[in-house]
Structure formats: C-alpha cells, structure tokens
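Given next are the chains, with one letter for each unit.
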Amino acid sequence: QVQLVESGGGLVQAGGSLRLSCAASGRTVSRYAMGWFRQAPGKEREPVAAISWSGGSTYYADAVKGRFTISRDNTKNTVYLQMNSLKPEDTAVYYCAATPRGFRSSTPVEYDYWGQGTQVTVCS
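Computed from a prediction, not measured in an experiment: that's the story for all the values here.

Visitor: Would you mind going over the sheet that holds strand S1 (residues 3–7) with me for this structure?
Guide: Sheet strands pair via backbone hydrogen bonds, and the direction of the pair is either parallel or antiparallel. Ordered by their spatial adjacency, four strands build an open sheet running S1-S3-S8-S7, and the pairing between neighbours is antiparallel. Looking at which strands have only one partner, the edges of the open sheet turn out to be S1 and strand S7 (68–73). The sheet shows a mean angle of 15 degrees between the axes of neighbouring strands, direction not considered. Inspection of the sheet shows S1 paired to strand S3 (residues 18–25) by five bridges, in the antiparallel sense.

Set out below in structure tokens:
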C-alpha cells in the first residue's frame, strides 16, 4: 500500500505562489506515475498536472499551463506542484495521486492511491 500526504496549501492573494508537496510512504513510488487533481465546491474532480515515473513526461491542464510546474524527487519519494500567478479560480482542494502504471495520465480512474487533499484558497 502507498500512503500519500499533501502539504503546502493555504490562503494566498491572486498573483501569489504556493508550492504543494506530496510525500509518499509505505512503498517507493519511484516507478509510479504521479498526478495532481483538484476539486472545487460543486464541481467534479479535474486533472491539474501529471508526471511519469522518470519525470521525463509531463501533462498540464490548459487552465494551468505556463503557471504550474510539476516535479518529483524520487530520492525523497516526493512530488511537488509549484503554482505561480494564482487566480481565484484555482481555489480548490488539491489531491495527489499515484499509479503503478509508469506513464503519466490525466484520468482519475487510472490512479490507485490518493491523498486526503490540501485546501488552496486564492482571494482577489
């Protein structure tokens, strides 16, 4: 089993930055693809970014391209999401997910393990 714990969320003004971290435990995730998803109140969970096991392939939702960067440190079993130029519409609970399928995916059903989420609130 893989346990995922997100951290780094909080309240920030529009235009600001946050860095989310997702620490994995229970098993090394160095061969797992990892993803970040978010869910705003009253909306479905949507993909934000994903990264392959090696870090060589990434995916970004159109809404965050050019502003967010996903990265990973396999020596620390941790994945990051650097979020810059934040907008009020980025407000959501952000979830980290892992799949033993090494290629990154934007589809939630392909992920086997999920964290409990961290709240990101962007005020205007």
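Read on for the rest.
Visitor: When you look at unusual backbone geometry in this model, what are you seeing that I'm missing?
Guide: Note: most residues except glycine have negative phi, and most peptide bonds are trans. Phi at Asn-77 takes a positive value of approximately 55 degrees, unusual for a residue other than glycine. Inspection of the secondary structure puts Asn-77 in the loop between S7 and strand S8 (78–83). In this structure, Ser-85 is a non-glycine residue whose phi angle is positive, near 50 degrees. Within the secondary structure, Ser-85 is located in the loop between S8 and strand S9 (92–99).

Visitor: Looking at this structure, I do not really get the packing of aromatic side chains. What am I missing?
Guide: The way to describe two aromatic rings as a pair is by their centre distance and the angle between their planes. Throughout the structure, instances matching the rule amount to four aromatic pairs. With 6.4 Å between their ring centres and 40 degrees between their planes, Tyr-32 and Tyr-113 make a pair best called tilted. With Tyr-32 in the loop between S3 and strand S4 (33–39) and Tyr-113 in strand S10 (residues 113–114), this residue pair connects regions lying 81 residues apart in the sequence. Tyr-32 gets classed as buried once you look at its relative accessible area, which sits at 9%. Judged by its relative accessible area of 15%, Tyr-113 is buried. On the numbers, 5.0 Å between centres and 50 degrees between planes, the contact of Phe-37 with Trp-114 is tilted. Highlighted residues: Phe-37 in strand S4 and Trp-114 in strand S10, separated in sequence by 77 residues.

Calculation criteria
Sequence order as written defines residue numbering, which begins from 1 separately in each chain. The predicted nature of this model means local features are confined to residues of pLDDT at least 70 and side-chain atom pairs, given and counted, to a pLDDT of 80 or more, with totals for whole chains, interfaces and linings taken over all residues. Excluding hydrogens and water, the side-chain figures rest on all heavy atoms present in the structure. We call two strands paired when DSSP finds no fewer than two bridges between them. Each helix is a run of DSSP H or I of at least 4 residues and each strand a run of E of at least 2, with the numbering of both proceeding from the N terminus. Lines are fitted to the C-alpha atoms to define the axes, a helix being fitted only along its stretch in contact, and any angle between axes, read from their N-to-C directions, falls within 0 to 180 degrees. Stacked, tilted and edge-to-face are the three classes applied to pairs of Phe, Tyr and Trp rings, where Trp contributes its six-membered ring and a pair requires centres within 6.5 Å; stacked means planes under 30 degrees apart, edge-to-face means over 60, and tilted covers the rest. The classification of residues rests on relative accessible area computed with a 1.4 Å probe and restricted to protein chains. Under 20% of the type maximum is buried, over 50% is exposed, and intermediate values are partly exposed.

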